[in-house]
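Tertiary structure, described
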Amino acid sequence: MTKVLITDPIDQKGIDILSQVAQVDHKIGISDSELASIIGDYDALMIRSGTQVTEEIINSSSKLRIIGRAGVGVDNVDVKAATQKGVLVVNSPGGNTIAAAEHTIAMMLALSRHIPIANSSTLLGKWERKKFVGNELYKKKLGVVGLGKIGAHVAKVANALGMEVCGYDPFVSTERAQQIQVKLSDLEDLFQQSDYVTLHLPRTPETENLVNMDVLKNMKSSAKLINCARGGLIDEEALAQALNQSLIAGAAIDVFSKEPLESNSPLLKVEKNLILTPHLGASTREAQENVAVDVAEQIRDVLLGLSARTAVNIPGLSPDIMDSLKPHLQLAETMGLLISQLSGGQIQKLEVKLQGEFVQHPSQPLIIASLKGLLSKALGDRINYVNASLEADSRGISVVENKDEARPEFASGSLQLTTYGDNGDHSVAGSIFADGELRIISIDQYPVNVSPSRYMLVTRHRDMPGIIGKLGSLLGSNNVNIASMQVGRKIVRGEAVMVLSIDDPIPNKLLDTIIEVDGITNANPVTL
Ligand SMILES: NC(=O)C1=CN([C@@H]2O[C@H](COP(=O)(O)OP(=O)(O)OC[C@H]3O[C@@H](n4cnc5c(N)ncnc54)[C@H](O)[C@@H]3O)[C@@H](O)[C@H]2O)C=CC1
Ligand SMILES: O=C(O)CCC(=O)C(=O)O
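Everything in this summary refers to the structure shown in the same document.

Conventions used here
- Residues numbered from 1 in each chain as written.
- Chains lettered and ligands numbered in written order.
- Predicted model: local features only at pLDDT ≥ 70, side-chain atom pairs only at ≥ 80, totals over all residues.
- Heavy atoms only, no water.
- Salt bridge = Lys/Arg side-chain N within 4 Å of Asp/Glu carboxyl O.
- Near = heavy atom within 4 Å.
- Polar contact = N/O pair within 3.5 Å; in protein donor to acceptor, adjacent residues only side chain to side chain.
- Areas by Shrake-Rupley, 256 points an atom, 1.4 Å probe, with all protein chains shown as cover.
- Nonpolar A, V, L, I, M, F, W, Y, C, P; charged D, E, K, R; others polar.
- Axes fitted to C-alpha atoms, helices over the stretch in contact; angles between N-to-C directions.
- Helix = DSSP H or I, 4+ residues; strand = E, 2+ residues; numbered from the N terminus.
- Left-handed = near helix turned anticlockwise from the far one by under 90°.
- Contact = heavy atoms within 4.5 Å.
- Buried < 20%, exposed > 50% of the residue type's maximum accessible area, 1.4 Å probe, protein only.
- Core = buried A, V, L, I, M, F, W, Y, C linked by side-chain atoms within 4.5 Å.
- Expected span 1.5 Å × (residues − 1).
- Phe/Tyr/Trp six-rings, centres within 6.5 Å; stacked < 30°, edge-to-face > 60°.
- Lys NZ or Arg CZ within 6 Å of the ring centre and 35° of its normal.
- Disulfide = S-S within 2.5 Å.

Inspection of the entire model under this criterion finds 17 salt bridges. Connected through shared salt-bridge partners, Asp 294, Glu 297 and Arg 309 make up one network.

Taken together, 25 residues are adjacent to ligand 1, and Lys 149, Ile 150, Asp 169, Cys 228 and Asp 254 come closest. Here an oxygen atom of ligand 1 sits 2.7 Å away from a polar atom, N or O, in the side chain of Lys 149. Within the backbone of Leu 201, one N or O atom sits 3.1 Å away from an oxygen atom of ligand 1. Isolated, ligand 1 exposes 860 Å² of accessible area, and the fraction of that covered by the protein chains is 85%. Class assignment for the residues of the shell around ligand 1 results in 13 nonpolar, eight polar and four charged.

Once that is clear, we can look at the packing of helix α14 (residues 326-343) against helix α15 (residues 363-379). The contact between α14 and α15 brings their axes to 7 Å, and the two run at 35°. Crossing hand, α14 versus α15: right-handed. Residues His 328, Leu 329, Ala 332, Glu 333, Gly 336, Leu 337, Ile 339, Ser 340 and Gln 341 of α14 pack against Pro 365, Leu 366, Ala 369, Ser 370, Lys 372, Gly 373, Leu 374, Ser 376 and Lys 377 of α15. When its residues are assigned to classes, the contact of α14 with α15 shows eight nonpolar, seven polar and three charged.

Within the element layout of this structure, Asp 189 appears in helix α9 (residues 187-193). For Asp 189, a relative accessible area of 29% puts it in the partly exposed group. Here the alpha-carbon distance between Asp 189 and Asn 264, two residues 75 residues apart in the chain, equals 33 Å.

Relative to the elements of secondary structure, Ile 38 occurs in helix α2 (residues 32-38). Here Ile 38 falls in the partly exposed class, since its relative accessible area comes to 22%. For the pair Ile 38 and Asp 301, spaced 263 residues apart in sequence, the C-alpha separation works out to 23 Å. Excluding anything up to four places from it in sequence, Ile 38 contacts Leu 5, Lys 27 and Ile 30.

Quick look at the nonpolar core now. By size, the foremost hydrophobic cluster in this structure holds 68 residues, and its most contacted members are Met 46, Ile 299 and Leu 415. Setting aside anything within four residues of it in sequence, one finds Ile 299 in contact with Val 4, Leu 18, Ala 44, Leu 45, Met 46, Ile 66 and Gly 68. Listed in part, the 30 residues of the second largest apolar core include Met 219, Leu 225, Ile 234 and Ala 242.

Next up on the list: unusual backbone geometry. A cis geometry characterises the amide bond from Glu 259 onward to Pro 260, with omega recorded as -5°. With respect to the helices and strands, the residue Pro 260 is situated in the loop between β11 (250-253) and β12 (274-276). Of note, Asn 479 is a non-glycine position whose phi angle comes to about 65°, a positive value. Relative to the assigned elements, Asn 479 resides in the loop between α17 (467-477) and β20 (482-489). At Arg 493, a residue that is not glycine, the phi angle is positive and equals roughly 65°. Note on placement: Arg 493 falls in the loop between β20 and β21 (495-502).

Here helix α7 (residues 149-160) contains twelve residues, and its C-alpha end-to-end distance of 17 Å stays within 8% of the 16 Å for a straight helix at 1.5 Å per residue. Of all the positions in α7, only Gly 151, Ala 152, His 153, Val 154, Ala 155 and Ala 158 are classed as buried. Residues of α7 that are buried make contact with α5 (97-112), β6 (141-145), β7 (164-168), α8 (174-179) and β9 (196-199). Downstream of α7 by a residue or two, Gly 162 has a phi angle that is positive, lying close to 90°.

If you walk through the whole model with that rule in mind, you get zero aromatic pairs. Taking the ring centre of Tyr 385 as reference, the NZ or CZ of Lys 372 above it sits at 5.4 Å. One residue, Lys 490, lies across the ring of Tyr 446, its end atom 4.4 Å from the ring centre.

Moving on, we get to the state of the cysteines. Following the criterion strictly, the structure yields zero disulfides and no others. With no disulfide of its own, Cys 166 has Cys 228 as its nearest cysteine by sulfur position, at a separation of 18 Å. Of the residues examined, Cys 166 reaches a relative accessible area of 5% and is grouped as buried. Residue Cys 228 is classed as buried on the basis of its relative accessible area, which comes to 8%.

The following block contains the structure:
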């Protein structure tokens, strides 16, 4: 029975989708060690930001195929460990954009009008109208750091509120900035000149402590800082000091370097204009339903053997690409598997050459499929589309891509794989015929025309009378049935390649006898 584990609160609509295809178990708030001890039973894990999916947990799994993060940030998942283990990681990149952007705007307004503290004071029976005079957002300058989905929506709403919006994002073009009505600025100017600064970027080694004491000192003393993106982007000790010393006028923080916020956090000792919320950016009914459905559908699809829409660890393999390239991917994988058995030994380099119609397709998926095939004899079930590139890399196999737009020999173009390794260079070329049938069209540059079959024997021999007959009778006398046979040669009576499709695997003993036949220089049994 397929089993899915859910370890954070997930909207019921997502659970209903998963229940159609799997047994769904809930263990909300489970400890890391408990999770590591039970993960071996599960095919899929669905989480929000509460669960830390560590390397230890991933390595304790044995049949885990997918981790679904119902939200955007995957910084609570060790994606590298998942990739190494061949576990797909999916998220919901757009499901909570509006919720997080609206929480940011709510934080800005709450800060500006002292809403939380005015509420507490009023509940205590006080009537402190003078104490809570605020300021307007209208005509104030907003600096948005990170102009992705959430940053762009914040900018849109801020523009509608009459704010002047500037932004910093090294990956956003001037055209895109114009489109979302944001004036691009450098980071230093943005912090120095803005009345409000809001962060909407991921936490990475480069962005950690992006807002530190130097940056805070550079801000206006009337400025306010909002972080509804990720903990760790702000040095919390420095922020507490900056607020206590009135270096800036206020801050509203939804996300923390350690969550839940620890009781000894310096932020809990700040007495001035600071609003804290417990990571509520995505906590709207709408967003929770969106992300739960989005991720549950992807988990369901993957468990059913289909592809995922938004995998974070297999670039370039969207479902449309997978569908349109199905025969091409199958060809690349089959050729990878074939050439690994022809090459033997350690391979240092794989050259992937696309010709004719193949050039029109994205090459990355074809490379990944070739590598999956190439490594599958060595790694068995452990290799998949998720970890193929990483596994090749860790084995020191470099990949070179080569596109040849010249008029192809085959109308449908061709794919050629060449390996360079301990046993010299080997190459296999293939194509897809009009009926979608896969064909191997050359082996080691010898032209052949072979449909790949489960068992094959590929020999190298001298082109001379009697060899084919001898081989045929050897196989026959050992009860190995030949389904088809092809000989490829470049010149008459020169070197040749023979490809036999056979119904049964070749016994090792028979292989030794085949190699002893006069004229046969090499014989490679192949299983596809
Ligand atoms: N508080 C909450 O509950 C929620 C928090 N988030 C977080 O909000 C953040 C933004 O999410 P989205 O807009 O959906 O992501 P996104 O991927 O659409 O946008 C992120 C942007 O940050 C930019 N960026 C990367 N490095 C940068 C740098 N060094 N300086 C400036 N910009 C940089 C990227 O170019 C990209 O445009 C993420 O960290 C996400 O995890 C998202 C949803 C809810
Ligand atoms: O799961 C949540 O509520 C947090 C959402 C979040 O931080 C994200 O999507 O990056």
